[in-house]
Amino acid sequence: MDVIKITNEIELQDAFDIRKKVFVEEQKVPFEDEFDQFDTLEGDTEHVLAYYGGHPAGTGRMRIVEGIGKLERICILEPFRKHGLGRIIIAKLEELAAAKALNIVKLHGQTQAEGFYSKLGYQTASPEFMEDGISHVLMTKNLKP
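All values reported here derive from a predicted model rather than from experimental measurement. (Residues numbered from 1 in each chain as written. Predicted model: local features only at pLDDT ≥ 70, side-chain atom pairs only at ≥ 80, totals over all residues. Heavy atoms only, no water.)

Asker: Could you give an account of the side chain of His-136, with specific residues and numbers?
Answerer: Following the sequence through the fold, His-136 ends up in strand β8 (residues 134-142). For His-136, the side chain forms a polar contact with the main-chain oxygen of Ile-134, separated by 2.8 Å. If we skip the residues at most four places from it in the chain, His-136 touches His-108, Gly-109, Gln-110, Thr-111, Pro-127, Glu-128, Phe-129 and Glu-131. (Helix = DSSP H or I, 4+ residues; strand = E, 2+ residues; numbered from the N terminus. Polar contact = N/O pair within 3.5 Å; in protein donor to acceptor, adjacent residues only side chain to side chain. Contact = heavy atoms within 4.5 Å.)

Asker: Let's hear about the environment of Pro-127: which residues, and what values?
Answerer: Tracing the chain through its elements places Pro-127 in the loop between β6 (123-124) and β7 (129-131). The class for Pro-127 is exposed, based on a relative accessible area of 66%. For Pro-127 and Leu-138, which are 11 residues apart along the polypeptide, the C-alpha to C-alpha distance reads 7.7 Å. Not counting the four nearest positions on each side in its chain, Pro-127 is found in contact with His-136 and Val-137. (Buried < 20%, exposed > 50% of the residue type's maximum accessible area, 1.4 Å probe, protein only.)

Asker: Could you give an account of the environment of His-47, naming the residues involved and the relevant values?
Answerer: If you trace the backbone, His-47 turns up in strand β2 (residues 46-52). Sequence separation between His-47 and Arg-73 is 26 residues; the distance between their C-alpha atoms is 9.3 Å. Among residues more than four places away in sequence, those in contact with His-47 are Ile-4, Lys-5, Ile-6, Leu-12, Phe-38, Asp-39, Thr-40, Gly-60 and Arg-61. A distance of 3.2 Å separates a polar side-chain atom of His-47 from the backbone oxygen of Thr-40.

Asker: An account of the layout of surface pockets is requested, with residue identities and associated values reported.
Answerer: Put simply, the largest pocket is a space of about 990 Å³. Lining the largest pocket are 34 residues; nearest its centre among them are Ile-74, Cys-75, Gln-110, Gln-112 and Tyr-117. Of all the secondary structure elements, the ones that give two or more residues to the lining of the largest pocket are α1 (9-26), α2 (31-34), β4 (68-76), α3 (85-99), β5 (104-110), α4 (114-119) and β8. Sorting elements by how many residues they give to the lining of the largest pocket places β4 first, with seven residues. (1 Å grid on protein atoms, 1.4 Å probe; cavity = no way out; pocket = protein on both sides within 12 Å on 5 of 7 lines; lining within 4 Å. Points joined across faces, edges and corners; volume = space filled by probe spheres on them.)

Okay, here's the thing in structure tokens:
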């Protein structure tokens, strides 16, 4: 298992393929909602790609929004779930946020994953809300203990 910061278009396309399969095909998120202006190697968005057994297996991204690191588009292909990839993707995104001197990170976590994020030190900071027909909560974490 390894998670890298995406640095080229081939890696970025691997991440897009994972997101399309998980969010668009599996969870029925509209394609036009899943992909946006932050899906580029230019600008402040940092993308990561997780590998399992040499295969692209998961992804996520981090943007700076109002001085806070916002973790987004975190997903893992179904055959690679339950191997700890989610934990190392989050750790890599938090590392990227800390490298930009960000003290706080947040995410819109699907409510079915709220327990997972809680185990990683995230605290629920909102009531449930809907995004693309899926129930979410805002969760935050202070990176400075």
